[in-house]
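Spelled out, the chains give:
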There are 2 protein chains.
Amino acid sequence: MKPAPAPARLSLNQETIRQWSLPELVAGCTAAGVGAVGLWRDPVRAFGVRETAKLVAGAGLRVSSLCRGGFFTAADPAGRAAALDDNRRAVAEAAELGADTLVLVSGGLPPGERDLVGARGRIASVLGELAPWAAAHGIRLGIEPLHPMFASDRCVVSTLGQALDLAEQFPAEQVGVVADAYHLWWDERLPADLLRAGEGGRIVAVQVADWVTPLPEGALLGRGQLGDGCIDLRGFRRLADAAGYRDPVEVEIFSPGLWARDGAEVLREVIDRYRQHVD
Amino acid sequence: MKPAPAPARLSLNQETIRQWSLPELVAGCTAAGVGAVGLWRDPVRAFGVRETAKLVAGAGLRVSSLCRGGFFTAADPAGRAAALDDNRRAVAEAAELGADTLVLVSGGLPPGERDLVGARGRIASVLGELAPWAAAHGIRLGIEPLHPMFASDRCVVSTLGQALDLAEQFPAEQVGVVADAYHLWWDERLPADLLRAGEGGRIVAVQVADWVTPLPEGALLGRGQLGDGCIDLRGFRRLADAAGYRDPVEVEIFSPGLWARDGAEVLREVIDRYRQHVD
């Protein structure tokens, strides 16, 4: 018996089941009735960008986002130029994959620096060059605020409000924001900021994972399966809906526990949990 | 040769050198010319509150704060009553120690709950009973916002702005805020919120530790020695000064690396780093 199709807006971010190859990902999503995937640059480039584009399009899958560009905070001209080069390549890859959106993680503080304001200013400067170029290639940039626990080493943009302050320096068709429940759930300004983002037509992607403790060493791989933590994920999705967001909701969970299991089983669980806690 | 006295505003939080007994702490601070200490309830109660008060007063040390009360987010009446009882005991201990301030950590989400707004509301409700009682005993309560990475399991008050929103529901002589650089450094609203806190006479304690990565498992014991991380600690102290804060600056570092070393050596390093990075 064929299972019921997955919820219409569910998109599977590739990193959630990173044990799958790209062909396994596409086959698994097709079998489960998942209509969209979020892709990451490293596995896509390892498989081949063109080959991935063909595979995904052939299966009728939508690419809800490509992760990720960014890392714009270098203070030296060479670092800035290298970041621009890499991001232009990322834009070209997103375009070839048929993605609308390239997700940007801004970068943390350069080694030895303590100037958050300066680092945030440099992001705007790089976006000024990258955003029009990306738009000309049909790709909208999505600034993703990460949880403040990543402010020093990954992303000096820590709230949706900050991401919007940056995005709004550019036309909405060039730069938007990515709202991930895992990074933003604690922020009492989130409801107002999501509305502001929606009213400006700035929400380019929505992602979900749950918050569980204790955090593991390094904090990066501590995300929880939907429903295992304390985030009101349905409330979050409803806020995004109320802000006018109608596109896929990506499940993006970095969890060694999920990676150690059978991919198809994990996807069944993700779909089930999404129905229970998000849909 | 006697070393130069420690910087006048430096206060040593007891947990920074937790390998020291209370007599060792008092002797070590006296020898190094440190004029104030921040105390914790557990070691103080183990040694005896009265005995601690006598020891500290006999050495002429100021008690810059007592850590900590709080944990107000229980949703059930029994949990709420138990929290109130425990906090009344903490107030009595603070008064006996001659501290002006009891530091409060609000508490996280109760198990199985996902309602941050509700939990934050319950804090205000408990403060409504506790704050006048504490003031009558000569103790001001200090709401300490913790880093958002502790929002689920320790403290649903994540920014200085939120702490002020809570504190301002009560008279300034009853409830203020604690500003710890480790928890707040990432927040772009910090300068404005510190000014707001100062203008309202709400800053009851200032603490410093540095932000270093990677975070250890559980995140709690990952604080860095002053100068080892990325926080502009001098900028933070200057903001507090500009907001009118004139009282001790407590060094509060939870670090197994420091705890494994000779206490006197750690204190010399703390004093040296404080001069280099804070004073």
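Residues numbered from 1 in each chain as written. Chains lettered and ligands numbered in written order. Predicted model: local features only at pLDDT ≥ 70, side-chain atom pairs only at ≥ 80, totals over all residues. Heavy atoms only, no water.

1. Examining the overall build of chain A
Across its full length, chain A holds eleven helices and ten strands. Whereas a compact globule of 279 residues would reach a radius of gyration of roughly 19 Å, chain A reaches 18 Å, a difference of no more than 12%. The dimensions of chain A, computed from C-alpha atoms along their principal axes, are 60 × 40 × 40 Å. With 279 residues in all, chain A has 58% of them scored as buried. A separation threshold of at least 6 residues defines the contact pool for chain A, and within that pool the share at least 24 residues apart is 81%. Summed over its atoms, the accessible surface of chain A is roughly 10,300 Å², and 53% of this surface lies on carbon and sulfur atoms. In chain A, which carries 29 positive and 36 negative side-chain charges, the distance between the mean positions of the two groups comes to 2 Å. (Helix = DSSP H or I, 4+ residues; strand = E, 2+ residues; numbered from the N terminus. Rg over C-alpha atoms; globule rule 2.2 N^0.38 Å. Buried < 20%, exposed > 50% of the residue type's maximum accessible area, 1.4 Å probe, protein only. Contact = heavy atoms within 4.5 Å. Areas by Shrake-Rupley, 256 points an atom, 1.4 Å probe, with all protein chains shown as cover. Lys, Arg positive; Asp, Glu negative; His and termini not counted. Charge placed at Lys NZ, Arg CZ, Asp CG, Glu CD.)

2. What about unusual backbone geometry?
Residue and element names in this part refer to chain A. Omega for the peptide link from cysteine 67 to arginine 68 comes to -10°, which places this bond in the cis form. With respect to the helices and strands, arginine 68 occurs in strand 3 (residues 62-70). In this chain, threonine 213 is followed by proline 214 through a cis amide linkage whose omega measures 0°. Within the element layout of this structure, proline 214 appears in the loop between strand 8 (210-211) and strand 9 (223-224). Positive phi outside glycine occurs at alanine 219, with the angle close to 70°.

3. Details of the side chain of A:Arg120
Tracing the backbone shows A:Arg120 in helix 5 (residues 116-136). In this structure, A:Arg120 is in contact with A:Val156, A:Ser158, A:Gln162, A:Leu166, B:Trp186 and B:Glu188, ignoring residues within four places of it in sequence.

4. Thoughts on the sheet that holds strand 5 (residues 140-143) of chain B
Whether parallel or antiparallel, the strands of a sheet pair through hydrogen bonds between backbone atoms. Residues and elements named next belong to chain B. With parallel pairing, eight strands are arranged side by side around a closed barrel as 1-2-3-4-5-6-7-10. For this sheet, the mean inter-axis angle between neighbouring strands, taken without regard to orientation, is 30°. Summarising the sheet, strand 2 (residues 36-40) and strand 3 (residues 62-70) pair through five bridges and their orientation is parallel. Residue alanine 36 lies in a different strand from strand 3, and its bridge partner there is arginine 62. Helix-sheet contacts for helix 5 (residues 116-136) involve strand 4 (101-105), strand 5 and strand 6 (175-180), and the interaxial angle to strand 5 is about 140°. In the packing of helix 9 (residues 233-242) onto the sheet, the strands contacted are strand 6, strand 7 (203-208) and strand 10 (249-251), and the crossing angle to strand 7 comes to about 170°. (Pairing = 2+ DSSP bridges. Axes fitted to C-alpha atoms, helices over the stretch in contact; angles between N-to-C directions.)

5. With respect to the layout of surface pockets
Space inside the largest pocket adds up to approximately 530 Å³. At the level of elements, helix 8 (190-199) and helix 9 (233-242) of chain A together with helix 5 and helix 6 (160-167) of chain B are the ones that each hand at least two residues to the lining of the largest pocket. A total of five residues in the lining of the largest pocket trace back to one element, the largest contributor, which is helix 5 of chain B. Taken together, the residues that form the lining of the largest pocket break down as 13 nonpolar, four polar and seven charged. One number sums up the size of the second largest pocket: a volume of about 360 Å³. B:Glu15, B:Trp40, B:Arg68, B:Arg154 and B:Phe254 are, among the 23 residues lining the second largest pocket, the residues nearest its centre. Those elements that provide at least two residues to the lining of the second largest pocket are helix 2 (41-47), strand 3 and strand 4 of chain B. Classifying every residue of the lining of the second largest pocket gives eleven nonpolar, one polar and eleven charged. (1 Å grid on protein atoms, 1.4 Å probe; cavity = no way out; pocket = protein on both sides within 12 Å on 5 of 7 lines; lining within 4 Å. Points joined across faces, edges and corners; volume = space filled by probe spheres on them. Nonpolar A, V, L, I, M, F, W, Y, C, P; charged D, E, K, R; others polar.)

6. A look at the sheet that holds strand 4 (residues 101-105) of chain A
Residues and elements named next belong to chain A. The strand order 1-2-3-4-5-6-7-10 describes a closed barrel built from eight strands, whose pairing is parallel. Going from strand to strand, the sheet's axes swing by 30° on average, the running direction of each strand aside. One ladder, built from three bridges, connects strand 1 (residues 10-13) with strand 2 (residues 36-40); its direction is parallel. Bridging from a neighbouring strand, serine 11 pairs with alanine 36 of strand 2.

7. Things to note about the interface of chain A and chain B
Contact with chain A, which involves 33 residues of that partner, is made by 33 residues of chain B. Each partner contributes to the roughly 2,600 Å² buried at the junction of chain A and chain B, and carbon and sulfur atoms together form 58% of this total. Taken together, the links from chain A to chain B amount to 16 residue pairs in polar contact (both at pLDDT 80 or more). Those elements that provide at least two residues to the side of chain A that touches chain B are helix 5 and helix 6 (160-167) of chain A. Considering only residue class, the side of chain A that touches chain B consists of 14 nonpolar, ten polar and nine charged. (Buried area = accessible area lost by both parts, 1.4 Å probe. Polar contact = N/O pair within 3.5 Å; in protein donor to acceptor, adjacent residues only side chain to side chain.)

8. So, empty space enclosed by the protein
Enumeration according to the criterion identifies two cavities of 30 Å³ or more in this entry. Taken as a whole, the largest cavity encloses approximately 160 Å³ of empty space. Elements with a contribution of two residues or more to the lining of the largest cavity: helix 6 of chain A together with helix 6 of chain B. Residues that form the lining of the largest cavity fall into these classes: two nonpolar, six polar and seven charged. Quantified by volume, the second largest cavity comes out at close to 90 Å³.

9. What to know about helix 1 (residues 22-32) of chain B
All names here are of chain B. Within the span of helix 1, buried status applies to Leu22, Leu25, Val26, Gly28, Cys29 and Ala32. Down the axis of helix 1, the buried set is contained in an arc of 165°. They therefore lie on one face. Each element contacted by the buried residues of helix 1 is listed here: strand 1 (10-13), strand 2, helix 2, helix 3 (49-58) and helix 11 (263-277). At the exit of helix 1 stands glycine 33, carrying a positive phi of roughly 75°. (Arc of directions from axis to C-beta.)

10. Quick look at the packing of helix 6 of chain B against helix 8 (residues 190-199) of chain B
All names here are of chain B. Two numbers describe how helix 6 lies on helix 8: the axes approach to 9 Å, and their chain directions differ by 25°. With respect to helix 8, the element helix 6 is oriented roughly parallel. Remark: the crossing between helix 6 and helix 8 carries left-handed chirality. Residues Leu160, Gly161, Leu164 and Asp165 of helix 6 form the contact with helix 8, whose own contacting residues are Leu190, Asp193, Leu194, Arg196 and Ala197. Broken down by class, the residue content of the contact of helix 6 with helix 8 amounts to five nonpolar, one polar and three charged. (Parallel < 35°, antiparallel > 145°, perpendicular 65-115°, else oblique. Left-handed = near helix turned anticlockwise from the far one by under 90°.)

11. As for the packing of aromatic side chains
Enumeration according to the criterion identifies seven aromatic pairs over all chains in this entry. Geometrically, the ring pair formed by A:Tyr182 and A:Trp211 is tilted, given 4.9 Å between the ring centres and 35° between the ring planes. Placement of A:Tyr182 in helix 7 (residues 181-184) and of A:Trp211 in strand 8 is noted, with a sequence separation of 29 residues between them. Under the relative-accessibility criterion, A:Tyr182 is labelled buried at 0%. You can call A:Trp211 buried: its relative accessible area is 1%. Considering the side-chain rings of B:Trp40 and B:Phe254, the 5.9 Å spacing of their centres and the 75° angle between planes classify their relative orientation as edge-to-face. Of the two residues, B:Trp40 sits in strand 2 while B:Phe254 sits in the loop between strand 10 and helix 10 (256-259), which places them 214 residues apart along the sequence. A single burial state applies to B:Trp40 and to B:Phe254, both of which are buried. (Phe/Tyr/Trp six-rings, centres within 6.5 Å; stacked < 30°, edge-to-face > 60°.)

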